[in-house]
Structures are given as C-alpha cells and as structure tokens.
Amino acid sequence: MEKTFEQNTGVIQENEELGTVKIADDVVAMIAGLAATEVQGVAAMAGNISNELMNKMGVKNLARGVKVEVSGKRVKAELALVIEYGYNIPAISQRVQEKVKSMVENMTGLEVADINIRIAGVSMQKDK
C-alpha cells in the first residue's frame with residue numbers, strides 16, 4: 001500500500017492511527033530559497049551551470065542554489081547567494097540564516113541545525 005518515494009524525504013509526523021507525513025528535501029530547499037530571497041540585499045540564489053541553462057530556457061527551479069540534508073527531524077542547509085553591491089555581507093548572511101531558520105521551522109516543524117552561506121557573487125545591477 002505504501003508508495004516509495006524516489007527523492008530523499010524526512011518524516012515530520014507519525015501517527016499510528018492516521019499514518020505518516022513525509023516531506024521531500026526539495027520542498028525544504030524551496031522554502032529555504034524563497035526565504036533567503038526575501039531578505040533585502042540578496043539579489044538572487046546562485047546555481048550551477050545546468051541550473052543557469054534551465055533558467056534561461058524558462059524553467060524555474062525554486063531550490064536553485066540550495067542544498068538541504070534532512071536526517072531525522074534535523075535540517076542542514078547550504079545556500080549560495082548573489083548579494084547586491086553595497087550591502088554588508090556578514091549582516092546580510094546573518095539575516096538570511098535567521099529568516100531561513102524561522103521559515104523552515106515554522107512551515108515544517110523540523111529543527112534547523114546548520115545554515116551555511118556561500119557568497120557566490122555580487123550583483124552590480126541597479127534594478128533587480
């Protein structure tokens with residue numbers, strides 16, 4: 001009766017009477033990526049070459065630039081950011097960590113253990 005999931009998933013709720021709720025790592029990565037881009041000073045999420053090509057072809061990947069590992073009820077995340085020119089990198093990084101931690105924990109009920117930030121570039125554009 002139980003389907004197998006092809007992608008990595010974490011259990012967020014188990015109930016003997018009702019069943020199990022699982023969340024895919026990609027969903028957690030999407031939440032983290034969206035939370036990071038809400039912080040003022042973050043120009044974009046950085047991705048690898050295949051992500052960039054897909055983006056140019058019109059395929060949007062909301063988890064671009066985010067790597068998430070869910071083990072048990074703990075989450076470790078790595079985010080690659082492009083920061084807007086003129087912003088303080090340590091301050092932006094701290095705000096991103098706080099925002100991602102808050103959003104992931106509130107939306108999933110999982111505990112965020114680590115959020116590592118990598119600054120992949122600086123955007124020199126005036127408009128987003």
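Quick caveat, the model's predicted, so the values are computed rather than measured.

## Describing a nonpolar patch on the surface
A surface patch of nonpolar side chains, about 500 Å² in accessible area, is lined by Y85, I89, I119, V122 and M124. Residue position: I119 is located in strand β6 (residues 111-123).

## Structural notes on helix α3 (residues 89-108)
Working note: α-helix, 3.6 residues per turn, so residues spaced by three or four point in the same direction. Over its 20 residues, α3 runs 28 Å from end to end, which matches the ideal 28 Å to within 8%, given 1.5 Å per residue. Looking at α3, one finds that the buried residues are I92, S93, V96, V100, V104 and T108. Around the axis of α3, the buried residues are gathered within 95 degrees of arc, so they sit on the same side. Among the exposed residues of α3, those pointing more than 90 degrees away from its buried face are P90 and N106. The N-terminus of α3 is capped by N88, whose side-chain oxygen sits 2.9 Å from the backbone nitrogen of A91.

## Comments concerning the pairing of strand β5 (residues 74-84)
Taken across its 11 residues, β5 has eight buried, putting it largely inside the fold. Relative to β5, strand β3 (residues 42-45) is paired through three bridges, and the arrangement is antiparallel. Note on β5: the bridge partner recorded for A44 is V82. With six bridges connecting them, strand β4 (residues 66-71) and β5 associate as antiparallel partners. Each bridged residue has a counterpart across the sheet, and for V70 the counterpart in β5 is V75.

## Things to note about the packing of helix α1 (residues 25-37) against α3
Orientation of α1 relative to α3, taken along the N-to-C sense of each, is 140 degrees, at an axis distance of 8 Å. Classified by the angle their axes make, α1 and α3 are oblique. Between α1 and α3 the crossing geometry is right-handed. Residue-level inspection shows V28, I31, A32, A35 and A36 of α1 in contact with α3, the latter providing V96, K99, V100, M103, V104, M107 and T108. For the contact of α1 with α3, the residue count by class is 10 nonpolar, one polar and one charged.

What counts and how
- Residues numbered from 1 in each chain as written.
- Predicted model: local features only at pLDDT ≥ 70, side-chain atom pairs only at ≥ 80, totals over all residues.
- Heavy atoms only, no water.
- Patch = residues over 30% accessible without salt bridge, like charges linked within 9 Å, V, L, I, M, F, W, Y side chains within 5 Å.
- Areas by Shrake-Rupley, 256 points an atom, 1.4 Å probe, with all protein chains shown as cover.
- Salt bridge = Lys/Arg side-chain N within 4 Å of Asp/Glu carboxyl O.
- Helix = DSSP H or I, 4+ residues; strand = E, 2+ residues; numbered from the N terminus.
- Expected span 1.5 Å × (residues − 1).
- Buried < 20%, exposed > 50% of the residue type's maximum accessible area, 1.4 Å probe, protein only.
- Arc of directions from axis to C-beta.
- Polar contact = N/O pair within 3.5 Å; in protein donor to acceptor, adjacent residues only side chain to side chain.
- Pairing = 2+ DSSP bridges.
- Axes fitted to C-alpha atoms, helices over the stretch in contact; angles between N-to-C directions.
- Parallel < 35°, antiparallel > 145°, perpendicular 65-115°, else oblique.
- Left-handed = near helix turned anticlockwise from the far one by under 90°.
- Contact = heavy atoms within 4.5 Å.
- Nonpolar A, V, L, I, M, F, W, Y, C, P; charged D, E, K, R; others polar.

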